[in-house]
Amino acid sequence: MTTTTATARYRRILVKLSGEALLGAEDYGIDPEILKRIAGEIRDLTQLGVEVAVVIGGGNIFRGAGLARAGMDRVTADHMGMLATVINALAMQDALESLGVYARVMSALRINEVCEDYIRRRAVRHLEKGRVVIFGAGTGNPFFTTDTAASLRAIEINADVLLKATKVNGGYDSDPVKNPAAKRYARLTFDQVLNDRLGVMDATAIVMCRENNLPLRIFNLFQAGDLVRIVLGEDVGTVVSVEP
């Protein structure tokens, strides 16, 4: 557990988690051990006084784009994907509350029986009170990814940084899983990511970060402790910013 004597580099952050990250050793759904570990690291951040927001994808349950490629209507498929993110968000809320962390799920779609509607000022107020805010249902619109939702919400709440959790320890010039010789970058500009099509996030999300000067850091979610180390100022993963 992180001690409160450490000094956090950031006041407010948004963490983007893929739905696949919650799979762990499972083929489908949520691995409780992975969920508990991630919740534990988020708890450690709150103990440092950091305000934490989270966006979670739904790829461990449904991925809208994949369903659309299989022949389903794209709007219907994306709505199913949004609902999957709400399931994951509720699971994360439960994991955090089991550790004594106050958390709120806010959905871009109205599902009042299970979570709050997303209202920007209310979300900021939750953060100011020390609650972890988990944003579900993406942007509430089809054709937009949860990467774009993460950049949008981070900008709306005035986050200091957007932390993109992946399966690798940063941004590469090619897929390191397929290419063992892939080169890892320590720093990138948003223009490099777009021009070289590096694929660290979708293009819409990258442009939004660039236009609003929101720094992005890519890190390996499966390297235990990296999330906390980043917030404490250690040079972990790959930084993407306006200037190199």
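Scroll up a little and you will see the structure.
Since the structure is predicted, the reported quantities are computational estimates derived from the model, not experimental observations.

In this structure, what is going on with the environment of R120? I would like to understand it.
Examined against the element boundaries, R120 turns out to sit in helix α4 (residues 120-128). R120 gets classed as partly exposed once you look at its relative accessible area, which sits at 36%. With 14 residues separating them in the primary sequence, R120 and M106 have C-alpha atoms 9.7 Å apart. Those residues in contact with R120 that lie beyond four places of it in its chain are E156 and N158.

So what exactly am I meant to see when it comes to the packing of aromatic side chains here?
Where two aromatic rings form a pair, the distance of their centres and the angle of their planes describe that pair. In total, this model carries 1 aromatic pair according to the counting rule given. The positively charged end of R153 is found above the aromatic ring belonging to Y118, 3.8 Å away from the centroid. Positioned above the aromatic ring of F135 is the side chain of R153, whose terminal nitrogen or guanidinium carbon lies 5.9 Å from the ring centre.

For this particular structure, what's the right way to read the environment of C115?
Relative to the assigned elements, C115 resides in the loop between β3 (103-107) and β4 (116-117). When its relative accessible area of 10% is taken as the criterion, C115 is described as buried. With 28 residues separating them along the chain, C115 and F143 place their C-alpha atoms 23 Å apart. Apart from residues no more than four positions distant in its own chain, C115 is found in contact with V86, V105 and S107.

What am I meant to see in the packing of helix α1 (residues 32-47) against helix α3 (residues 74-98) here?
Any two packed helices are characterised by the angle at which their axes cross and by the distance between the axes. Contact geometry of α1 with α3 gives a least axis separation of 9 Å together with a crossing angle of 65°. Between α1 and α3 the crossing geometry is right-handed. On α3, the residues touching L35, I38, A39 and I42 of α1 are A91, M92, A95 and L96. Tallied by class, the residues present in the contact of α1 with α3 amount to 8 nonpolar, no polar and no charged.

Explain the nonpolar core here, please?
Across soluble globular proteins, nonpolar side chains show a tendency to be buried alongside one another. Core analysis: the biggest nonpolar cluster contains 41 residues, and I13, M92 and I134 have the highest contact counts within it. Per-element accounting of this core gives the leading share, 7 residues, to α3. Every residue in contact with I134, bar those within four places of it in the chain, is listed here: V54, I56, A89, M92, Q93, L96, A103, R104, V105 and M106. Core analysis: the next-biggest nonpolar cluster, separate from the first, contains 29 residues, L127, A150, V200 and M201 among them.

Would you mind going over unusual backbone geometry with me for this structure?
With the exception of glycine, the majority of residues adopt a negative phi angle, and the majority of peptide bonds are in the trans configuration. Phi is positive for A137, close to 70°, though the residue is something other than glycine. Secondary-structure assignment places A137 in the loop between β5 (132-136) and α5 (146-156). Owing to a relative accessible area of 0%, A137 belongs among the buried residues under this scheme. Not every positive phi belongs to a glycine, and N213 is a case in point at roughly 50°. Here N213 shows up in the loop between α7 (203-211) and β10 (216-220).

Criteria and thresholds
Residues numbered from 1 in each chain as written. Predicted model: local features only at pLDDT ≥ 70, side-chain atom pairs only at ≥ 80, totals over all residues. Heavy atoms only, no water. Helix = DSSP H or I, 4+ residues; strand = E, 2+ residues; numbered from the N terminus. Buried < 20%, exposed > 50% of the residue type's maximum accessible area, 1.4 Å probe, protein only. Contact = heavy atoms within 4.5 Å. Phe/Tyr/Trp six-rings, centres within 6.5 Å; stacked < 30°, edge-to-face > 60°. Lys NZ or Arg CZ within 6 Å of the ring centre and 35° of its normal. Axes fitted to C-alpha atoms, helices over the stretch in contact; angles between N-to-C directions. Left-handed = near helix turned anticlockwise from the far one by under 90°. Nonpolar A, V, L, I, M, F, W, Y, C, P; charged D, E, K, R; others polar. Core = buried A, V, L, I, M, F, W, Y, C linked by side-chain atoms within 4.5 Å.

Take it as geometry only, folks, not as evidence of what the structure does.
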